[in-house]
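Reading the structure
Chain residues, written in single-letter form:
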Amino acid sequence: MEVRDIFKLRKEGKLEEAYAAIRPMYAMHKGHYTTICMFWVGTDMMELRYRQRRLEEAYKIFLALLRLYPTMDDAEKHGQSALMRAALLVFDHNPKFSMLDFITKWGIEKLSEEDWTFGKNNGHVVPSLGMRIVGKVFKEVTGNPTVEMALKAAPVLSESLRHSPYNMNNQRYKAIIYKIMGKTDKAINIYRHLIAHHHQSYLYQELAALVREEPLKIALLCRAIATQREQKFTQKMRLELAGLLYATDKPRARYELDRCIAIRKASGFDTTWQMQNLSASLEGVSPVDEKDQKEFYRRQGAVADKLRIF
């Protein structure tokens, strides 16, 4: 069997056969074409092993691909792009894998212009490969918001901003770094500009976490809840809003807590101790009705809208 025959097997979707054929061939001769074939068949197998939930084997193949790549001719950087996609797959399956460490060691500046190009799927904009990597990096940063993490992620964000300076997520990531570094006012200013043009629920929620004034927090959380189409994502916001309203408007606090608990139970989760304690404190309090609370959201939304005035 020759390399072209193995590529034919790969094209036909016979991945196991292709992998079984190329491994002994590559072990005996690491030539130009056998190396390229080993890389692409190995990439296929890594993806297949993840689909089969053979996670340890999939990760070992990924590590082998990293060792193989420097020996392969990849002038057009298609192999590098494949490795970046592989890293995204590893990140989603291996909690010990750090995208920040990986891309810092690799060098995000090595990504091609094509890697930063946004695509389209059914008329919707699809994030570029580069932006998907940056998104994983900042998932790590938000999970461990230390100055060390922020400083390490800053060069990654800088490269991303170079390609998409006005991208909403890049601006959000910049705000995250500002917040970690203690520059909260700069972070707030970024969100004020973002909500002037975008009305996503999470922008209001994230801004609410930054402001200190309780009336403004309440207004922003109300707008976040009102603009969120999927109720399962309002649970945390409703609990926080219930806590803020407890001192001044217990019937509204009761409404938000009841909705939070109902959403949580519908998702198959038990109530937390925090919910139980707040519920005990609100025992005997009747909630406002839904129509009344929606009108409250509308009034509070007007307060949040004032943030768009500069």
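To be clear, the structure that these remarks concern was listed above.
Everything numeric here is computed off the predicted structure, so don't read it as measured data.

What follows is about the layout of surface pockets. Counted as a void, the largest pocket has a volume near 600 Å³. Considering the residues around the largest pocket, the lining is formed by 18 residues, among which T142, R172, I176, Y191 and E206 are closest to the centre. Taken together, the elements giving at least two residues each to the lining of the largest pocket come down to α7 (129-143), α9 (168-180), α11 (201-208) and α13 (235-245). In terms of residues, the lining of the largest pocket owes the most to one element, α9, which gives six residues. Split into classes, the residues belonging to the lining of the largest pocket amount to nine nonpolar, three polar and six charged.

Right, let's get into the side chain of Q171. One can find Q171 in helix α9. When its relative accessible area of 14% is taken as the criterion, Q171 is described as buried. Apart from residues lying up to four places away in sequence, Q171 is in contact with L161, P165, Y166, I190 and L194.

In this section: the side chain of E140. Within the secondary structure, E140 sits in helix α7. The side chain of E140 is buried and forms no salt bridge, while K152, the nearest opposite charge, is found at 7.5 Å. Polar side-chain contacts of E140 include one of 3.1 Å to the backbone nitrogen of L100.

Another aspect to go through is the pattern of salt bridges. On inspection of all chains with the given rule, the structure shows 18 salt bridges. K152 is paired through a salt bridge with D101; the nearest N and O atoms lie 2.2 Å apart. Separated by 51 residues along the polypeptide, K152 in helix α8 (residues 147-163) and D101 in helix α6 (residues 99-106) bring together distant segments of the chain. By relative accessible area, D101 is classed as partly exposed at 40%. The partner of E159 in a salt bridge is R162, and the shortest N-O contact between them spans 2.9 Å. Here E159 pairs with R162, and both are found in helix α8, just three residues apart, close to one helical turn. Through salt bridges with shared partners, a single ionic network connects E16, R49, R54 and E57.

A word on the nonpolar core. Nonpolar side chains tend toward joint burial in soluble globular proteins. One finds F62, M84, M99, I103, V137 and F138 to be the most contacted residues of the largest nonpolar core, which totals 59 residues. Among the elements that make up this core, the one with the highest residue count is helix α3 (residues 32-51) (nine residues). Counting residues in each nonpolar core, the second largest holds 40 residues, with L216, C222, C260 and I261 among its members.

The rules we used
Residues numbered from 1 in each chain as written. Predicted model: local features only at pLDDT ≥ 70, side-chain atom pairs only at ≥ 80, totals over all residues. Heavy atoms only, no water. 1 Å grid on protein atoms, 1.4 Å probe; cavity = no way out; pocket = protein on both sides within 12 Å on 5 of 7 lines; lining within 4 Å. Points joined across faces, edges and corners; volume = space filled by probe spheres on them. Helix = DSSP H or I, 4+ residues; strand = E, 2+ residues; numbered from the N terminus. Nonpolar A, V, L, I, M, F, W, Y, C, P; charged D, E, K, R; others polar. Buried < 20%, exposed > 50% of the residue type's maximum accessible area, 1.4 Å probe, protein only. Contact = heavy atoms within 4.5 Å. Lys, Arg positive; Asp, Glu negative; His and termini not counted. Salt bridge = Lys/Arg side-chain N within 4 Å of Asp/Glu carboxyl O. Polar contact = N/O pair within 3.5 Å; in protein donor to acceptor, adjacent residues only side chain to side chain. Core = buried A, V, L, I, M, F, W, Y, C linked by side-chain atoms within 4.5 Å.

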